[in-house]
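Topology and contacts: notes
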Amino acid sequence: MDVKCIIFDCDGVLVDTEKIGNGILLEMAAEYGFEMEIEDAYRNFNGRNLKDCFLHIEDAIGAKLPESFEAEYREKSFKAFKTQVKPMEGVVSFIEKLNIAYCVASSGPVEKIRLNLEASGLLDKFENKIYSSYQINSWKPDPGIFLYAANEMGFEVSDCIVLEDSKAGVKAGIDGGFRVFGLANGYNNSDLEEEGAMLFYTYEELSDILGV
């Protein structure tokens, strides 16, 4: 496959953070009467702007969350990420075999991306190749962050592929004109396929698909 640049999402693609972050969010939201299974949180919250997640919770409970909610969530989740985050299985060896350009493009703030990459031992592989929605005020499912990353890396959309694990992320990639590969985790398979992603289940499988 003719690919010149791989654009990685961060959470759930490079680093195994989704269970940690969603677990903390559901635990905090439960104090205000919000109930949701972790599997549904993966589908509804993964890849989305945090404020959109809060709006979803507020709509469900029919009330506003306190102004301190975001700061408290970030403090608790950042603390957990520092000690619990690991790289996704197989991603380190996959990256080390790459002989093409690659970067990370995420809806999260730069400091969160860097924290998670550092905690998982991946930061040195992505220095000067980190792109955040907060830099351009455009969040998935809008394709802006992927278009921005491709442009900053110096490639046309047709030269790039996007690796995603969320419905919002796949939609962003497809709407931007990218070929999108979805990392299937058992919860997201049908959502990713419905949005147009080609599924892969392991990085070894993706390596075979791409011929790297």
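What counts as what
Residues numbered from 1 in each chain as written. Predicted model: local features only at pLDDT ≥ 70, side-chain atom pairs only at ≥ 80, totals over all residues. Heavy atoms only, no water. Phe/Tyr/Trp six-rings, centres within 6.5 Å; stacked < 30°, edge-to-face > 60°. Helix = DSSP H or I, 4+ residues; strand = E, 2+ residues; numbered from the N terminus. Buried < 20%, exposed > 50% of the residue type's maximum accessible area, 1.4 Å probe, protein only. Lys NZ or Arg CZ within 6 Å of the ring centre and 35° of its normal. Disulfide = S-S within 2.5 Å. Pairing = 2+ DSSP bridges. Contact = heavy atoms within 4.5 Å. Core = buried A, V, L, I, M, F, W, Y, C linked by side-chain atoms within 4.5 Å. Salt bridge = Lys/Arg side-chain N within 4 Å of Asp/Glu carboxyl O.

A separate point is the packing of aromatic side chains. Scanning the model with the defined rule gives 12 aromatic pairs in all. Note on Phe-146 and Phe-178: the rings are 6.2 Å apart at their centroids and 70° apart in plane angle, and the pair reads as edge-to-face. Of this pair, Phe-146 sits in helix 9 (residues 144-153) while Phe-178 sits in the loop between helix 10 (167-175) and strand 5 (179-183); the two residues are 32 residues apart in sequence, bridging distant segments of the chain. Take Phe-146: its relative accessible area is 0%, and that puts it in the buried class. Connected via pairs of aromatic rings, a cluster forms that spans Phe-8, Phe-94, Tyr-102, Phe-126, Phe-200 and Tyr-203. One Lys or Arg, Lys-129, reaches over the ring of Tyr-102 and ends 3.7 Å from the middle of that ring.

What follows covers the state of the cysteines. Should the sulfur atoms of two cysteines be covalently bonded, the bond is a disulfide. Scanning the model with the defined rule gives zero disulfides in all. Distance from the sulfur of Cys-5, which forms no disulfide, to the nearest cysteine sulfur (Cys-160) is 4.4 Å. Counting only cysteine sulfurs, Cys-103 is the nearest neighbor of Cys-10, a cysteine outside any disulfide, at a range of 12 Å. Exposure remark for Cys-10: the relative accessible area of 1% places this residue in the buried category.

For strand 2 (residues 101-106), a buried count of five out of six residues is recorded, marking the element as mostly surrounded by other parts of the structure. Sheet topology places strand 1 (residues 5-8) next to strand 2; four bridges connect them, and they run parallel. Bridging across to strand 2, Ile-6 finds its partner in Tyr-102. The sheet contact formed by strand 2 and strand 3 (residues 130-132) spans three bridges and is parallel. In the strand pairing of strand 3, Val-104 is matched with Ile-130.

Turning to helix 9, a few remarks are in order. The set of residues buried in helix 9 consists of Gly-144, Ile-145, Phe-146, Ala-149, Ala-150 and Met-153. Of the surrounding elements, those touching the buried residues of helix 9 are strand 1, strand 2, strand 3, helix 8 (133-136), strand 4 (160-164) and helix 10. Just past helix 9, the residue Gly-154 takes up positive phi, approximately 90°.

So, on to the environment of Ile-174. Along the chain, Ile-174 turns up in helix 10. Residue classification places Ile-174 among the partly exposed residues on the basis of a relative accessible area of 31%. Between the C-alpha atoms of Ile-174 and Pro-141, which are 33 residues apart in sequence, the distance is 9.6 Å. Excluding its chain neighbours within four sequence positions, the residues that come into contact with Ile-174 are Val-180, Glu-195 and Gly-196.

Moving on, we come to the nonpolar core. Residues Ile-6, Phe-8, Leu-14, Leu-117, Phe-126, Leu-163 and Tyr-203 are the most contacted members of the largest nonpolar core, which totals 50 residues. When residues in this core are grouped by element, the largest group, six residues, is from helix 1 (residues 18-30). When near neighbours in sequence (up to four residues on either side) are disregarded, Ile-6 contacts Phe-94, Leu-98, Ile-100, Ala-101, Tyr-102, Cys-103, Ile-161, Leu-163 and Leu-210. Counting 20 residues, the second-largest nonpolar core is a separate cluster that includes Cys-103, Ala-150, Ala-172 and Ala-197.

Applying the stated criterion across every chain yields a total of 12 salt bridges. Residue Lys-4 pairs with Asp-159 through a salt bridge whose shortest N-O separation is 3.8 Å. Highlighted residues: Lys-4 in the segment before strand 1 and Asp-159 in the loop between helix 9 and strand 4, separated in sequence by 155 residues. Between Glu-96 and Lys-125 there is a salt bridge; the shortest N-O distance is 3.5 Å. Separated by 29 residues along the polypeptide, Glu-96 in helix 5 (residues 91-97) and Lys-125 in helix 7 (residues 123-126) bring together distant segments of the chain. A network of salt bridges, in which partner residues are shared, links Asp-9, Lys-140 and Glu-164.

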